[in-house]
Amino acid sequence: TMSIPSGVAVIAISNGSPPSIPNPVNALSAHVRQYLQTAIVNALKDPSILAIVLVGRPDGKGVFSAGADIKEFSGNSGGSVTTSEPGGIPTLNDLAHLIEGSSKPIIAALTGACLGGGMELALAAQYRVADKSLKYGLPEVKIGLIPGAGGTQRLPRLCGVRYALDVIVRGRINCSSAEGMKCGFLDGVAKNDETVVDCAMRWASWATKLPPITLESRRLCNRSVPNDAEGMQNEDMCDFALQSCPPKRAGGESARATVESIRASFEVASFTEGMEVEKNVFNDLLYHSLQGRAYRHIFFAERSSSSGKRKSTNPLAKGKGTIGVIGAGTMGRGIAISFLKAGYGPVILLDVNAKGLGAGVKYIQQTLQIDAKKGRLSPSKLKAALACLKSSTDLSALANCDLVVEAVFENLGVKRDIFSKLDSIVKKEDALLLSNTSTLDVDAISSSLSPKRRQFCAGMHFFSPAHIMKLVEVVRGKDTSADTLETIRAVTKLIRKIPIVVGNCDGFVGNRMMHPYTTESTLTLVGHGGGEAGLTISDVDGAIGPKYFGMALGPFQVSDVAGNDIGYNIRREKGILRDPKTGQVGKNRSPGMRYTEIADEMVEKMGRLGQKVQKGWYNYDPKVGKGRKPLPSTEMQQLLDKYSKDSPSRGTKLEKDEIVQRVLFPLVNEGFKILEEGIASDPSDIDIIYLYGYGWPAYRGGPMFWADNEVGLPSVLKKLEELHAMHPGSEYFRPSEMLRDCVKKGLGVQEYVRQSKTDATKSRL
């Protein structure tokens, strides 16, 4: 506590963190809560103190508080918010009640992030002021919870039910000081010539002169929820909000719970009873919601995957450097946009085809301008980005680059030729030379460089569209140095994406796991399709897609969007296609291998390449859903009839859960094999790849989390054994040894991998 001559105590949240524990966001950990309780109680006891200012840092800069320490939610206790802890450590609720019941006015001086529990403490204060850096909100719904320290009860009393629903149900984190003044959350904003602490001191001085009855009326616990300014009934607004929430089974548990808790703010008899409803709902979600556990798993997985063990000292890691992007197609354009928006420059787009290059440059300029119009890019950043965009048809233009990303089509010979030329063109010996390959061998690409350069070569696999998708697989070659990986990781974070470091193999992690998924989708369809009663293309997509399992798109829709020729070309490269001229089966299609040629024939003989030609597994009409809505195809049904005619299961429907198991269990099994081989270092990395790269539903936590926590590994193993016995020609049904070992030891996959890492560390010691 810092006492000031005016009789005001300034209490800084940041002072509660021990120096040995970095806390840049002022998370309200046990140490911080204990400190705040002691400081406030001491200030209340001190007769010379007339008012208290609660601030993030003593200088009034930086973050107020980003909320509760979420690590405390991952144990067996929710004590940080609602349940009393041993040793007298106050909960967030205890602190909020202490602040709200203060006999002296408390002014919350808000700056930077004021989120979750931080905003709930601010709501408990009698006055709130801020500067223009403030961004407040209550994002708990995004980690499967509701605000648990009075947010659902105090915000409706202060700003009305309409506003509370908007902030809490949507989990907003971007509310500004201007918005705060308009809705009544804030009492004042610092003038241009004063700090937020100066502003809070003004309010403190004024508040101390008011009669005690005023303080009583400033306590939100004493207020009732106001009527809506636009005349709508509070109850009707809650009903309307529920209509926009996802169904409970499809990830909507926490969103629906927030509405019910806000409803209690005006339906139950008292503030105390409303707080009891909030506490019970919060604890129910914390302890019993698998969806909530999935959301929190993702929260931690995302942060652990993107935080490297060491800091890169390369200037690229600080957002500085010349970037080259080879290939002006869809991927190259998106990659260039990502670097330009992050402030890198110059960014040189290169393509040997002048027409394609011109189209690429135009697309990038238009995309940046659209972003600026929508407020996603400031006018000054737009101007800088456009000025930094350069283009060339000559590889020698990349001579001074610090980082080059090659994004040409998937052909090993072409890529090796490009890297061989870069070897002599790029002047800086430590320039990063990276490939955006999605399946090819990074070591084979790297081998075309001189040996001294190979440590600076890796894969940087973006997902399409590259300027929108958040994921990047950082592919570690056998010669890639640790410093190179850390620099790529840092660069990826600066371009606002999530880096996952993976090993080098066919398809890396994401695409390797997709292979059994797409293969089995087609084989299940052909095995059970045909006739009027058989399984249809839309049956499989319906089971996997958003209306049932929850993937963003079903497997056949994904194939149509990506282009069916991509899978066809991969099968040709792998040597498993039948030669269309000779009729000879590819040398790598073994006699016992389960295979169907339906996907080959639709590309080869029917030209059904997908959405881009308005026909694939489905038909597409430019007049229906902008040409993106899948429509049933009679031609494809006839082709399915042809390929399913000899199947013993022809013309039989499967239950949705059976389709899910047949299609997704091989994907999970491949994930176990990837962990076994060290291609991925942690199950949570696989989960993040699938969440951000392949449309896995967040409320199911990722494929490995889902298999472990929702299905159960013994059930996965049993079903895989059953399917492998039925179909020995599908190697992807053969259960992984790691899966067998997990079940044998009674361990979840996350626990198994972490235990293995601990054992490996001990054996080295």
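For the structure, see preceding data.
Residues numbered from 1 in each chain as written. Predicted model: local features only at pLDDT ≥ 70, side-chain atom pairs only at ≥ 80, totals over all residues. Heavy atoms only, no water.

Asker: Lay out the overall build of the chain in plain terms, naming residues and giving numbers.
Answerer: Looking only at helices and strands, the chain has 30 helices and 17 strands in total. Rg of the C-alpha trace for the chain: 29 Å, near the compact-globule value of 27 Å for 765 residues, within the 12% margin. The dimensions of the chain, computed from C-alpha atoms along their principal axes, are 95 × 65 × 65 Å. For the chain, with 765 residues in total, the buried portion stands at 56%. If you sum the accessible surface of the chain, you get close to 33200 Å²; carbon and sulfur atoms cover 53% of it. Across the chain, the mean location of the 96 positive side-chain charges is 5 Å away from that of the 81 negative side-chain charges. (Helix = DSSP H or I, 4+ residues; strand = E, 2+ residues; numbered from the N terminus. Rg over C-alpha atoms; globule rule 2.2 N^0.38 Å. Buried < 20%, exposed > 50% of the residue type's maximum accessible area, 1.4 Å probe, protein only. Areas by Shrake-Rupley, 256 points an atom, 1.4 Å probe, with all protein chains shown as cover. Lys, Arg positive; Asp, Glu negative; His and termini not counted. Charge placed at Lys NZ, Arg CZ, Asp CG, Glu CD.)

Asker: So what about the sheet that holds strand 5 (residues 113-115)? Which residues, and what values?
Answerer: Reading across from one edge, 5-7-8 is the order of the three strands in this open sheet, with mixed pairing throughout. Only two strands of the sheet have a single partner each, and these edge strands are strand 5 and strand 8 (175-176). Two strands pair when backbone bridges link them, and strand 7 (residues 135-137) and strand 8 are joined in this way by two bridges, in the antiparallel orientation. Bridging from a neighbouring strand, Lys 135 pairs with Ser 176 of strand 8. Relative to strand 5, helix 3 (residues 117-124) is tilted by about 85°, and along the sheet it contacts strand 5 and strand 7. (Pairing = 2+ DSSP bridges. Contact = heavy atoms within 4.5 Å. Axes fitted to C-alpha atoms, helices over the stretch in contact; angles between N-to-C directions.)

Asker: So what about the side chain of Ser 65? Which residues, and what values?
Answerer: Following the sequence through the fold, Ser 65 ends up in the loop between strand 3 (51-55) and helix 2 (92-100). Among the polar contacts made by the side chain of Ser 65, one reaches the main-chain carbonyl oxygen of Asn 26 at a distance of 2.8 Å. In this structure the side chain of Ser 65 is engaged in a polar contact, spanning 3.1 Å, whose partner is the backbone nitrogen of Gly 67. Apart from residues no more than four positions distant in its own chain, Ser 65 is found in contact with Ile 13, Val 25, Asn 26, Leu 28, Ala 113, Cys 114, Leu 115 and Gly 118. (Polar contact = N/O pair within 3.5 Å; in protein donor to acceptor, adjacent residues only side chain to side chain.)

Asker: Tell me about the packing of helix 13 (residues 330-341) against helix 14 (residues 354-373), residues and numbers included.
Answerer: Taken N-terminus to C-terminus, the directions of helix 13 and helix 14 make an angle of 45°; their axes are 10 Å apart at the nearest point. In terms of orientation, helix 13 lies oblique with respect to helix 14. Seen along the crossing, helix 13 lies across helix 14 with a hand that is right-handed. On helix 14, the residues touching Arg 333, Ala 336, Ile 337, Leu 340 and Lys 341 of helix 13 are Gly 356, Ala 359, Gly 360, Tyr 363, Ile 364, Thr 367, Leu 368 and Asp 371. Broken down by class, the residue content of the contact of helix 13 with helix 14 amounts to seven nonpolar, three polar and three charged. (Parallel < 35°, antiparallel > 145°, perpendicular 65-115°, else oblique. Left-handed = near helix turned anticlockwise from the far one by under 90°. Nonpolar A, V, L, I, M, F, W, Y, C, P; charged D, E, K, R; others polar.)

Asker: Summarise the environment of Arg 162; cite the residues concerned and give the values.
Answerer: Here Arg 162 shows up in helix 5 (residues 161-169). Spatially, the C-alpha atom of Arg 162 lies 28 Å from that of Ile 213, the residues being 51 residues apart in sequence. Those residues in contact with Arg 162, other than ones at most four positions away along the chain, are Asp 228, Glu 230, Met 232 and Met 237. Here Asp 228 takes part through its side chain, which lies 2.8 Å from a polar atom of the side chain of Arg 162.

Asker: Give me helix 21 (residues 555-562): which residues, what numbers.
Answerer: Pro 555, Phe 556, Gln 557 and Asp 560 are the residues of helix 21 that are buried. On its buried face, helix 21 is in contact with helix 19 (510-528), helix 20 (537-544) and helix 22 (564-573). Phi for Gly 563, located one or two positions after helix 21, is positive at around 110°.

Asker: Outline the nonpolar core, listing residues and values.
Answerer: In this structure, Val 509, Trp 617, Leu 664 and Phe 672 are the most contacted members of the largest nonpolar core, which totals 77 residues. In terms of residue count, helix 25 (residues 656-676) provides more of this core than any other element does, ten residues in total. When residues no more than four places from it in sequence are discounted, the contact partners of Val 509 are Glu 473, Val 502, Ile 674, Ile 679, Ala 680, Ile 686 and Ile 689. Judged by nonpolar contacts, the second largest core, of 69 residues, contains Ala 130, Tyr 136, Leu 145 and Leu 286. (Core = buried A, V, L, I, M, F, W, Y, C linked by side-chain atoms within 4.5 Å.)

Asker: So what's going on with the state of the cysteines? Which residues, and what values?
Answerer: This structure, assessed with the given rule, holds zero disulfides. With no disulfide of its own, Cys 114 lies closest to Cys 175 among cysteine sulfurs, the gap being 10 Å. Free cysteine: Cys 457, not disulfide-bonded; nearest cysteine sulfur from Cys 401 at 15 Å. What makes Cys 457 buried here is its relative accessible area of 1%. (Disulfide = S-S within 2.5 Å.)

Asker: I'd like to hear about the sheet that holds strand 16 (residues 471-476), residue by residue, with values.
Answerer: If you trace the eight strands from one edge of the open sheet to the other, you get 12-11-10-13-14-15-16-17, paired in mixed fashion. Two strands close off the open sheet at either side, each with one partner strand: strand 12 (389-392) and strand 17 (498-503). Here the average twist between neighbouring strands, direction ignored, is 25°. Direction of pairing for strand 10 (residues 323-326) relative to strand 11 (residues 347-350): parallel, over a ladder of four bridges. Across the sheet, the residue bridging to Val 325 is Leu 349, located in strand 11. Where helix 13 meets the sheet, it contacts strand 10, strand 11, strand 12, strand 13 (403-406) and strand 15 (457-462), and its direction lies at approximately 175° from that of strand 11.

Asker: Give me the lowdown on the pairing of strand 15, citing residues and values where you can.
Answerer: Successive residues of a regular strand alternate their side chains across the two faces of the sheet. Burial analysis of strand 15 places six of its six residues in the buried class, the great majority of the element. In strand 15, alternate side chains face the same way, and those of Cys 457, Gly 459 and His 461 on one face and Ala 458, Met 460 and Phe 462 on the other are all buried. Sheet topology note: the strand 14 (residues 432-435)/strand 15 ladder contains three bridges and is parallel. Its bridge partner being in strand 15, Leu 433 is matched across the sheet by Cys 457.

Asker: Can you explain the packing of helix 27 (residues 703-711) against helix 28 (residues 713-726)? Please cite residues and give values.
Answerer: One can describe the packing of helix 27 onto helix 28 by two numbers: an axis separation of 6 Å at closest approach and a directional angle of 105°. Taken together, the axis directions place helix 27 and helix 28 in an arrangement best described as roughly perpendicular. Judged by residue contacts, Ala 707, Asp 708 and Val 711 of helix 27 engage Leu 713, Ser 715 and Val 716 from helix 28.

Asker: Before we move on, can you summarise the packing of aromatic side chains with the specific residues and values?
Answerer: Scanning all chains against the criterion turns up 14 aromatic pairs. Consider the rings of Tyr 690 and Tyr 694, whose centres lie 4.5 Å apart with planes at 20°: the pair is stacked. Tyr 694 gets classed as buried once you look at its relative accessible area, which sits at 16%. One aromatic cluster is present, built from ring pairs that chain together Phe 549, Phe 665, Trp 696 and Trp 706. Cation over ring: Lys 656 sits above Tyr 548, and NZ or CZ is 5.8 Å from the ring centre. Its end group placed over the ring of Phe 549, Arg 700 keeps NZ or CZ at 4.3 Å from the ring centre. (Phe/Tyr/Trp six-rings, centres within 6.5 Å; stacked < 30°, edge-to-face > 60°. Lys NZ or Arg CZ within 6 Å of the ring centre and 35° of its normal.)

Asker: Now, about the environment of Ile 298: what can you tell me, with residues and values included?
Answerer: Within the secondary structure layout, Ile 298 lies in helix 12 (residues 290-306). Assessed through its relative accessible area of 8%, Ile 298 is described here as buried. Separated by 407 residues in sequence, Ile 298 and Phe 705 have C-alpha atoms that sit 9.4 Å apart. The residues contacting Ile 298, other than those within four sequence positions of it, are Ile 688, Leu 691, Ala 698 and Gly 701.

Asker: An account of the pattern of salt bridges is requested, with residue identities and associated values reported.
Answerer: Pairing between side chains of opposite charge can happen when the charged atoms of each approach one another. In this structure the tally under the stated criterion is 45 salt bridges. Ionic pairing is found between Lys 71 and Asp 69, a salt bridge with its closest N-O pair at 3.7 Å. Between Asp 641 and Arg 650 there is a salt bridge; the shortest N-O distance is 4.0 Å. You can call Arg 650 partly exposed: its relative accessible area is 34%. (Salt bridge = Lys/Arg side-chain N within 4 Å of Asp/Glu carboxyl O.)

Asker: Account for the pairing of strand 14, naming residues and giving values.
Answerer: Burial along strand 14 is two-sided: Leu 432 and Leu 434 facing one way and Leu 433 and Ser 435 facing the other are all buried. In terms of handedness, the path from strand 13 via helix 16 (residues 412-425) over to strand 14 forms a crossover that is right-handed. (Right-handed = clockwise from strand over helix to strand, strands pointing away.)

Asker: Please give an account of helix 20 that cites residues and values.
Answerer: Taken as a whole, helix 20 has its buried residues at Ile 537, Val 540, Asp 541, Ala 543 and Ile 544. Along the axis of helix 20, the buried residues cluster in a sector spanning 160°; they form a single face. Where the residues of helix 20 are buried, they touch helix 19, helix 21, helix 24 (634-644) and helix 25. (Arc of directions from axis to C-beta.)

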